[in-house]
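Read off the chains here:
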Amino acid sequence: QKLISSKDLKITSKKVDWIIEKIASKGNLILLAGESSSGKTTLMYAMASAIGEGSKFLNTFSTKQGKVLFIQADESKSNCAHKINIINVSDNVDFLFKNVGFNKLNTKTIQDLSSLVGATYDVVFLDSITTLLTGGKYSYKDAEFALPLYELNDLACEKNIPIIFSSHLKKPEHNERIRVIKHDVMGNQSIFAAASDVWSIHKSTKPNFEDHYLLSCLKGRNCDEDSLYNIQGDQETFRWYFHSAGNNQLSPNKENICRAK
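Residues numbered from 1 in each chain as written. Predicted model: local features only at pLDDT ≥ 70, side-chain atom pairs only at ≥ 80, totals over all residues. Heavy atoms only, no water.

Asks: Is there a simple way to think about the sheet that holds strand E5 (residues 93–97) in this case?
Replies: Think of a sheet as strands paired side by side through backbone hydrogen bonds, with each pair either parallel or antiparallel. With mixed pairing, nine strands are arranged side by side in an open sheet as E5-E4-E6-E7-E3-E8-E9-E10-E11. If you trace the sheet from one side to the other, it starts and ends with E5 and strand E11 (239–245), each paired once. The sheet shows a mean angle of 25 degrees between the axes of neighbouring strands, taken without regard to direction. (Pairing = 2+ DSSP bridges. Helix = DSSP H or I, 4+ residues; strand = E, 2+ residues; numbered from the N terminus. Axes fitted to C-alpha atoms, helices over the stretch in contact; angles between N-to-C directions.)

What follows is the structure, given as structure tokens:
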């Protein structure tokens, strides 16, 4: 092992380089946690498409255009094709399915992923980590269950790309979820710890409009912790829309105007 002085290490420090403004930055592993049927998959499709086009995510958050690799382990090829056709996902997104070369996440497949990413892809999505880590020798309650995520984080750093993965939330008590905390992420807390930034999505229990969902930052090394955005999901078109920022928060557009002034 080659020792690195603190002086040399400080030189390698980089400014936050957003691929999706305020949400996903280069060189980091990002978790999006949500309940089943919460729409996290279509929200990730929307992210991938915005990056592929270089358009604004949710018509609000600026993106840097890039080539996207989307590893889909939860949906079949036909189900995925149906959704991305309705959404009209960018042609700059490539898909890899669970039963076609990527069945689980371990040291070998992460090495394969590193070779596949090469210098071609600017961001990688994995949906979902729950599926890709299941089937190994560890239970999702074991601390070792999340070990591949630390290797995935190293890969994100090495390639200087964001790797965004989804996971499930535990069922809420009394079938009602008012807010999400880190202990709600399904599995051992190592899953939460492995990610640089953690976002959650869940349906509002006190909706202010139809299909009102809350997108919030639970852990922020780069995103602003406790940031909350009110977004709207259209179940027929699989599309998402930005509605407003949470209480006492400026919307990204207003914040940028204030910063410019």
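After that view of the structure, there is still more to cover.
Asks: Explain the packing of helix H4 (residues 107–117) against helix H6 (residues 147–159) here, please?
Replies: Between H4 and H6, whose axes approach to 10 Å, the crossing angle comes to 20 degrees. Taken together, H4 and H6 sit at an angle that is classed as roughly parallel. When the axes of H4 and H6 are compared, the crossing they make is right-handed. When H4 is examined against H6, the residues Thr107, Ile110, Leu113, Ser114 and Val117 are found in contact with a partner set consisting of Pro148, Glu151, Leu152, Leu155, Glu158 and Lys159. (Parallel < 35°, antiparallel > 145°, perpendicular 65-115°, else oblique. Left-handed = near helix turned anticlockwise from the far one by under 90°. Contact = heavy atoms within 4.5 Å.)

Asks: Would you mind going over empty space enclosed by the protein with me for this structure?
Replies: Taking a probe equal in size to a water molecule and rolling it over the atoms shows the remaining empty space. Within the structure shown, the criterion is met by two cavities of 30 Å³ or more. Along the walls of the largest cavity sit Ile23, Ile30, Leu31, Leu32, Met47, Ile164, Trp199 and Leu215, which together make up its complete lining. A per-element tally of the lining of the largest cavity places strand E3 (residues 29–34) first, with three residues. Of the residues in the lining of the largest cavity, the class split is eight nonpolar, no polar and no charged. (1 Å grid on protein atoms, 1.4 Å probe; cavity = no way out; pocket = protein on both sides within 12 Å on 5 of 7 lines; lining within 4 Å. Points joined across faces, edges and corners; volume = space filled by probe spheres on them. Nonpolar A, V, L, I, M, F, W, Y, C, P; charged D, E, K, R; others polar.)

Asks: Even after reading the chapter, I still don't get the environment of alanine 50, so can you show me in this structure?
Replies: By secondary structure assignment, the location of alanine 50 is in helix H2 (residues 40–53). By relative accessible area, which is 4% here, alanine 50 ends up buried. For alanine 50 and glutamine 65, which are 15 residues apart along the polypeptide, the C-alpha to C-alpha distance reads 7.7 Å. (Buried < 20%, exposed > 50% of the residue type's maximum accessible area, 1.4 Å probe, protein only.)

Asks: I tried to follow H4 on my own but got confused; where do I start?
Replies: Given 3.6 residues per turn, any residue in an α-helix points the same way as the ones three and four places further on. Listed as buried for H4 are Thr109, Ile110, Leu113, Ser114 and Val117. In an axial view of H4, the angular spread of the buried residues amounts to 150 degrees, which keeps them on one side of the axis. Exposed side chains of H4 directed beyond 90 degrees from the buried face belong to Lys108, Gln111 and Ser115. Its side-chain oxygen at 3.1 Å from the backbone nitrogen of lysine 108, asparagine 106 defines the N-terminal cap of H4. (Arc of directions from axis to C-beta. Polar contact = N/O pair within 3.5 Å; in protein donor to acceptor, adjacent residues only side chain to side chain.)

Asks: Help me understand the packing of aromatic side chains in this model?
Replies: Given two aromatic rings, their pairing is described by the distance between the two centres and the angle made by the two planes. Under the counting rule described, the total for this entry stands at 11 aromatic pairs. A ring pair is formed by phenylalanine 57 and phenylalanine 61, whose centres lie 6.1 Å apart and whose planes are at 35 degrees; its orientation type is tilted. By relative accessible area, which is 0% here, phenylalanine 61 ends up buried. An angle of 20 degrees between the planes, with centres 6.2 Å apart, marks the rings of phenylalanine 95 and phenylalanine 97 as stacked. Residue class for phenylalanine 95 comes out partly exposed when judged on its relative accessible area of 24%. Aromatic rings pair up to connect Tyr45, Phe70, Phe95, Phe97 and Phe125 into one cluster. (Phe/Tyr/Trp six-rings, centres within 6.5 Å; stacked < 30°, edge-to-face > 60°.)

Asks: Looking at this structure, how should I read the state of the cysteines?
Replies: What makes a disulfide is a covalent bond joining the sulfur atoms belonging to two cysteines. Following the criterion strictly, the structure yields one disulfide and no others. There is a disulfide in this structure between cysteine 217 and cysteine 223, and the S-S distance comes to 2.3 Å. Note on the cysteine 217 and cysteine 223 pair: the S-S dihedral is about 45 degrees, so by sign convention the disulfide is right-handed. Of the two residues, cysteine 217 and cysteine 223, neither departs from the other in class, the shared state being buried. Cysteine 223 supplies the cysteine sulfur nearest to cysteine 157, a cysteine that is in no disulfide, at a spacing of 18 Å. Residue cysteine 157 is classed as exposed on the basis of its relative accessible area, which comes to 53%. (Disulfide = S-S within 2.5 Å.)

Asks: I keep staring at unusual backbone geometry and nothing clicks. Help me out?
Replies: Comment: phi is negative for the bulk of residues other than glycine, and the bulk of peptide bonds are trans. Here aspartate 127 and serine 128 are connected by a cis peptide whose omega angle stands at -5 degrees. Within the secondary structure layout, serine 128 lies in the loop between strand E6 (123–127) and helix H5 (129–133). For asparagine 160, which is not glycine, the phi dihedral falls at a positive 55 degrees. Here asparagine 160 shows up in the loop between H6 and strand E7 (163–168). The backbone of aspartate 211 shows a phi angle near 55 degrees, a positive value even though the residue is not glycine. With respect to the helices and strands, aspartate 211 occurs in the loop between strand E8 (197–203) and strand E9 (212–220). With relative accessibility at 19%, the residue aspartate 211 sits in the buried group.

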